[in-house]
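What the coordinates show
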Amino acid sequence: MKTLRSYLGERWVDGSGAPQTLVNPATEEPLAQASSEGLDLAAALAHARSKGGPALRALSFAERGALLKEMAKAIQAHRDELLDLAVANGGNTRSDAKFDVDGAIFTLQTYAEIGASLGAAKLLVDGEGVQLGRSPRFHGQHACVPRRGVAVHINAFNFPAWGLAEKAASALLAGMPVLSKPATSSAMAAHRLVEILVEKKVLPEGALSLLVGAPRDLPALLGSQDVLAFTGSGDTGMRIRALPNIIRESVRVNIEADSLNAAVLGPDAGPGSDMYETFLKDVLRDMTQKAGQKCTAIRRVLVPAEHAATLRDDLAEGLKAVRVGNPALEETRMGPVATGAQLADVREGVAKLGAEGKPAFGSATPLGDKGFFISPVLMEFPKDAFAASVHAREVFGPVASLLPYSGKGTDAAAIVARGNGGLVSSVYSEDAGFLEEIVEGIAAYSGRIFLGHPKIEMSPGPGTVLPQLVHGGPGRAGGGEELGGMRGLAFYMQRVALEGSRPVVQKLIGSQPS
Ligand code: NAP
């Protein structure tokens with residue numbers, strides 16, 4: 001069995017102790033093992049800070065962008081191999097695997113272009129300069145510089161390639177070295193991705209490290225110039241935030257956590273309309289793509305009460321056609337969930353939803369005797385659902401809940417808000433009054449609002465995170481923000497206000513793009 005080693009201090013190193021076994025979630029066949037026990041994490045962080053940081057800071061944005069372009073090229077050259085690993089170790093269908101690996105490539109390319117557009121600058125000018133005194137001589141200007149520590153990235157199991165790349169793209173372009181820790185259960189694709197970059201010597205020494213296996217005390221080793229970007233469950237996020245060093249050293253932390261994303265069908269988009277068909281397609285895709293294990297997947301489906309029965313039947317028909325099985329087979333449309341623990345969690349979540357709602361399609365009974373398979377599950381709730389579970393518990397699998405509402409924008413917004421903050425809400429309507437009402441009502445609770453429309457060609461739906469737009473959300477979603485084009489760099493940089501004589505300040509910042 002393959003042993004996944006960590007890449008720390010510019011060396012591939014083995015952990016000691018009892019390793020964790022990574023399996024194929026479709027067959028439960030053991031594929032690899034990993035352990036982080038005994039690894040010197042403090043030394044690895046010190047190496048990244050002392051070697052990777054200075055090497056990256058010596059480069060301009062355009063030069064760092066060129067590194068990202070090379071990373072994208074190297075990954076592209078090994079795309080098929082990475083897709084195979086995502087299928088075997090992640091339970092992904094080939095199309096799910098492409099979503100992960102191609103997403104990684106596209107995000108790196110996007111940030112490479114941002115780097116190119118920033119040119120020879122090493123310091124990022126932030127906004128216009130301001131006159132501070134009576135005369136223009138006393139001048140102020142904000143600028144951003146890379147932080148001097150290491151960017152630690154802890155990722156969830158569902159996007160091993162994209163998760164690594166999307167975080168690394170912003171950090172490396174900003175000028176910070178990265179230590180990436182993928183979730184152990186699905187780490188094979190992330191491990192191979194780093195192997196490829198190391199083999200090709202794409203990055204300067206110390207710029208990218210990899211920890212495979214348990215995080216151990218990694219977050220507790222961070223100091224004031226370091227940052228920690230975490231994606232995973234709200235519970236783990238809470239534990240990280242509460243660590244004494246994180247509080248004492250004001251370590252910058254970004255949390256991307258749970259989300260009860262809602263999709264709202266407008267009162268004007270009745271069955272048979274193109275808008276209704278778009279909505280139906282997006283809900284079906286989100287429920288089954290990656291077996292529903294997308295942080296942005298639609299969990300709550302809001303439908304005007306008069307159309308609820310039709311939508312339920314249409315969704316049930318669509319779900320019936322989804323072939324669940326081994327993702328390595330071409331005819332399979334939905335693979336298993338990622339681990340046995342994940343399957344147990346999904347079953348428990350469906351049982352909780354079942355206490356207040358009733359199943360309209362599927363059940364939480366596992367399918368087959370090998371692998372972590374479950375059918376898609378659609379739960380149905382009464383109108384204006386005051387049920388607690390549907391707004392409180394994210395069931396991270398192929399599960400969604402149907403919630404009929406009055407058809408009024410304010411009522412739909414109030415239901416969406418019960419989720420206490422989410423990554424993405426989506427609305428399907430062309431009624432200007434309804435759109436205004438609902439967007440006004442949900443914007444403060446959403447990181448992103450997707451306005452579905454049948455005329456958007458090749459629409460990726462609300463579940464796709466685009467690097468040009470921010471990813472993150474308030475409240476339950478962790479309160480974090482990643483990506484968003486240039487905005488993604490801010491987390492990795494210190495904003496400093498320069499004030500002084502105008503010619504001196506202007507000379508310091510040079511002719512930087514603002
Ligand atoms: P998890 O158990 O919180 O694990 C996430 C990551 O944290 C893994 O790499 C895990 O390592 C690590 N970890 C576990 N305990 C830790 C600790 N005490 N200190 C530091 N790191 C620790 O979450 P998961 O079950 O993998 O992921 C599912 C959850 O992630 C879902 O709730 C989903 O909503 C959320 N998610 C959110 C987003 C988003 O962008 N908002 C994206 C994807 C997923 P090991 O694997 O080694 O245990």
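Being a predicted model, the structure only gives us computed values, none of them experimental. (Residues numbered from 1 in each chain as written. Predicted model: local features only at pLDDT ≥ 70, side-chain atom pairs only at ≥ 80, totals over all residues. Heavy atoms only, no water.)

**Examining the packing of aromatic side chains**
Counted only if it meets this: Each Phe, Tyr or Trp ring (for Trp, its six-membered ring) is paired with any other whose centre lies within 6.5 Å, and the angle between the two planes then decides the class: stacked below 30 degrees, edge-to-face above 60, tilted in between. Secondary structure is summarised from DSSP: a helix means a run of H or I of at least four residues, a strand means a run of E of at least two, and numbering begins at the N terminus for each. To sort residues, take the accessible area from a 1.4 Å probe on protein chains only and compare it with the maximum for the residue type: under 20% means buried, over 50% means exposed, and anything in between is partly exposed. Only when the NZ of Lys or the CZ of Arg is both within 6 Å of the ring centre and within 35 degrees of the ring normal is a charge said to sit over the ring.
Scanning all chains against the criterion turns up seven aromatic pairs. Taking the centre distance of 6.3 Å and the plane angle of 50 degrees together, the rings of Y428 and F450 count as tilted. Placement of the pair is Y428 in strand β18 (residues 422-428) and F450 in strand β19 (residues 446-452), with a sequence separation of 22 residues. Residues F491 and Y492 carry aromatic rings whose centres are separated by 5.0 Å and whose planes lie at 85 degrees to one another, so their mutual orientation is edge-to-face. Relative accessible area serves as the criterion here: at 14%, F491 is assigned to the buried category. One aromatic cluster is present, formed by F99, F159 and W162 through successive ring pairs. A cation sits over an aromatic face here: R64 above F61, 4.9 Å from the ring centre.

**Overview of the nonpolar core**
Convention followed: Take the buried residues of types Ala, Val, Leu, Ile, Met, Phe, Trp, Tyr and Cys, join any two whose side-chain atoms come within 4.5 Å, and each joined set is a nonpolar core. Whether two residues are in contact is decided by their heavy atoms, any of which lying within 4.5 Å being enough.
If you look at the biggest cluster of nonpolar residues, it comprises 68 residues, and the most contacted ones within it are L68, L172, L489 and Y492. Of all the elements, helix α5 (residues 160-174) adds the most residues to this core, at 10 residues. For L172, the contacting residues outside a window of four places in its chain are L56, R64, L68, M71, V178, L203 and A207.

**Here we look at the sheet that holds strand β7 (residues 138-146)**
Just so we agree on the cut-off: Two strands make a pair as long as DSSP finds a minimum of two bridges between them. Convention adopted: a line fitted to C-alpha atoms gives each axis, helices being fitted over their contacting stretch, and angles between N-to-C directions are expressed from 0 to 180 degrees.
Taken in spatial order, the three strands make up an open sheet running β6-β7-β22, and their pairing is antiparallel. Sheet topology places β6 (124-131) and β22 (493-501) at the edges, where each strand pairs with a single neighbour. Each strand of the sheet is rotated relative to its neighbour by a mean of 15 degrees, with strand direction disregarded. Across nine bridges, the pairing between β7 and β22 is antiparallel. Along β22, the bridge assignment pairs Q141 with L498.

**Notes on the pairing of strand β11 (residues 227-231)**
Within β11, five of the five residues are buried, which leaves it mostly tucked inside the rest of the structure. Of the two faces of β11, both are covered, the one formed by V227, A229 and T231 as well as the one formed by L228 and F230. Relative to β11, strand β8 (residues 151-154) is paired through four bridges, and the arrangement is parallel. Pairing of V152 across the sheet is with L228, part of β11.

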